[in-house]
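One-letter residues, chain by chain:
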Amino acid sequence: MAELHAEAVGGLIEWAGPAADEVLEAMTARAERDGFPTVGPEVGRALALCTRLSGARSVLELGSGFGYSAYWVARALPPDGRIVLTERDGALLADARAYFERGDLADRATFEQGDALDIAEARTDTFDLVVLDHDTADYVAGFEAARDLVAPGGAILVDNVAVYGDVLTPDGLLATLDGEEPPNDRTRVVAEFLTHLRQDDAFETYLLPVGEGLAVATRVQPSKE
Ligand SMILES: C[S@@+](CC[C@H](N)C(=O)[O-])C[C@H]1O[C@@H](n2cnc3c(N)ncnc32)[C@H](O)[C@@H]1O
């Protein structure tokens, strides 16, 4: 995984804690074996930190895979907290449920199979946090589907917005945001997404240099003015 800082910092973040439990270790081994793109241990901890600091009790995730990022969030929720996982691949979602059961966290989770955008659009309840980790090309659509489910004080957390191997780099992204021709499609869609976020006055966005880059868009107004 491409990272925004020296590998040693990632090692320190993992060392400082909180420690992964045996379920997270099993998920990490599986991701390495299958080459599955989880958010990784830094972003997992950053999501848990946001959950703890915000006192979130309700979380919706778009693009849950076999549950790695959602599991970090679920551990940081209060016992009566809830996370909704969404995933189009039924086998991955079944594995997520099994990992949550193994970690005794299944009573904090619901597992929704289908298109995450359709699921978000159909919901009428609100969430303290929404995590976007579905296809990058659909981030604008995912954000629009989720934005009105988050009340002021809540946030939308978005992974993979700064680096992706040699394809997405901070230099290429900044140049694109400055008006240059994007070097490739991924840089174009991430630049379009970050621009979309910045133009939405209802959100104030912070970009954290963890993993491949985590945008934290905090809701500061109830609606677009
Ligand atoms: C990068 S993986 C990350 C999964 C998870 N967040 C993690 O940390 O392990 C993205 C997942 O989102 C799913 N996905 C992508 N677009 C989706 C969509 N529109 N609806 C439902 N699932 C989607 C993919 O099938 C994949 O499992």
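Look a little higher up for the structure.
A brief look at the structure comes next. Per chain, the residues get numbers from 1 upward, laid out in the order the sequence is written. Where local features are concerned, this predicted model is filtered to residues with pLDDT of at least 70; where side-chain atom pairs are given and counted, the filter is 80 or more; whole-chain, interface and lining totals use all residues. Based on all heavy atoms of the structure, the side-chain values leave hydrogens and waters out of the count.

## Overview of the sheet that holds strand S1 (residues 58-62)
Okay, so step 1: The strand order across the open sheet built from seven strands is S3-S2-S1-S4-S5-S7-S6, with neighbouring strands paired in mixed fashion. Of all strands in the sheet, those with a lone pairing partner are strand S3 (109-113) and strand S6 (203-208), marking the two edges. The mean angle between the axes of side-by-side strands here comes to 15°, regardless of whether they run parallel or antiparallel.
Okay, so step 2: At least two DSSP bridges between two strands are required for those strands to pair. Segments assigned H or I by DSSP are reported as helices when at least four residues long, segments assigned E as strands when at least two residues long, and all are numbered from the N terminus. In this sheet, strand S5 (residues 150-159) lies alongside strand S4 (residues 127-132) in parallel orientation, the contact comprising five bridges. Note that in S5 the partner of phenylalanine 127 across the bridge is valine 150. Interaxial angles span 0 to 180 degrees and are taken between N-to-C directions of axes, which are lines fitted to C-alpha atoms, for helices over the stretch in contact.

## Focus on the nonpolar core
Nonpolar side chains in soluble globular proteins tend to be buried together.
Okay, so step 1: In this text, buried Ala, Val, Leu, Ile, Met, Phe, Trp, Tyr and Cys residues form a nonpolar core when linked through side-chain atoms within 4.5 Å. Remark: exposure states derive from per-residue accessible area (1.4 Å probe, protein chains only) relative to the maximum for the residue type, with buried under 20%, exposed over 50%, and partly exposed in between. Ranked by internal contacts, the top residues of the largest apolar core, which has 38 residues, are Ile83, Leu85, Phe100 and Leu157.
Okay, so step 2: Looking at this core, the element that brings in the most residues is helix H4 (residues 68-76), giving seven residues.
Okay, so step 3: Should any heavy atoms of two residues lie within 4.5 Å, those residues are counted as being in contact. Contacts of leucine 85, omitting those with residues within four sequence positions, involve Glu61, Ser64, Gly67, Ala70, Leu93, Ala96, Phe100, Ala109, Thr110, Phe111 and Glu112.
Okay, so step 4: Formed by 29 residues, the second largest nonpolar core is a distinct cluster that contains Ala120, Phe127, Phe143 and Val189.

## A short note on the packing of helix H2 (residues 22-34) against helix H5 (residues 90-102)
Okay, so step 1: In contact at an axis separation of 9 Å, H2 and H5 are set at 150° when each is read in the N-to-C sense. As judged from the angle between their axes, H2 and H5 are roughly antiparallel. In terms of crossing hand, the pair formed by H2 and H5 is right-handed. For the pair H2 and H5, contact is made by Glu22, Val23, Ala26, Met27 and Arg30 and by Leu92, Asp95, Tyr99 and Arg102, respectively.
Okay, so step 2: Any residue outside Ala, Val, Leu, Ile, Met, Phe, Trp, Tyr, Cys, Pro, Asp, Glu, Lys and Arg is labelled polar, Gly included; the first ten of those are nonpolar and the last four are charged. Tallied by class, the residues present in the contact of H2 with H5 amount to five nonpolar, no polar and four charged. Reported orientations rely on four angle classes, namely roughly parallel under 35 degrees, roughly antiparallel over 145, roughly perpendicular from 65 to 115, and oblique for the rest. Throughout, a crossing is termed right-handed when the near helix is turned clockwise from the far one, and left-handed when it is turned anticlockwise from it by less than a right angle.

## Remarks on H2
Okay, so step 1: Each residue after the first adds 1.5 Å to the expected span of a helix. Taking 1.5 Å of rise per residue, the 13 residues of H2 would be expected to cover 18 Å, and the 18 Å separating its terminal C-alpha atoms lies within 8% of that figure.
Okay, so step 2: Regarding H2, the residues found buried are Val23, Leu24, Met27, Arg30 and Ala31. Along the long axis of H2, the arc covered by the buried residues comes to 120°, so they all point the same way. Opposite its buried face, H2 presents the exposed residues Glu25, Glu32 and Arg33, each directed more than 90 degrees away.
Okay, so step 3: Where the residues of H2 are buried, they touch H4 and H5.
Okay, so step 4: Counted as a polar contact is a pair of N or O atoms within 3.5 Å, where, for protein atoms, one must be capable of donating a hydrogen and the other of accepting one, and residues adjacent in sequence contribute only when both atoms are in side chains. The N-terminus of H2 is capped by aspartate 21, whose side-chain oxygen sits 3.1 Å from the backbone nitrogen of valine 23. Read the arc as the range of directions from the helix axis to the C-beta atoms.

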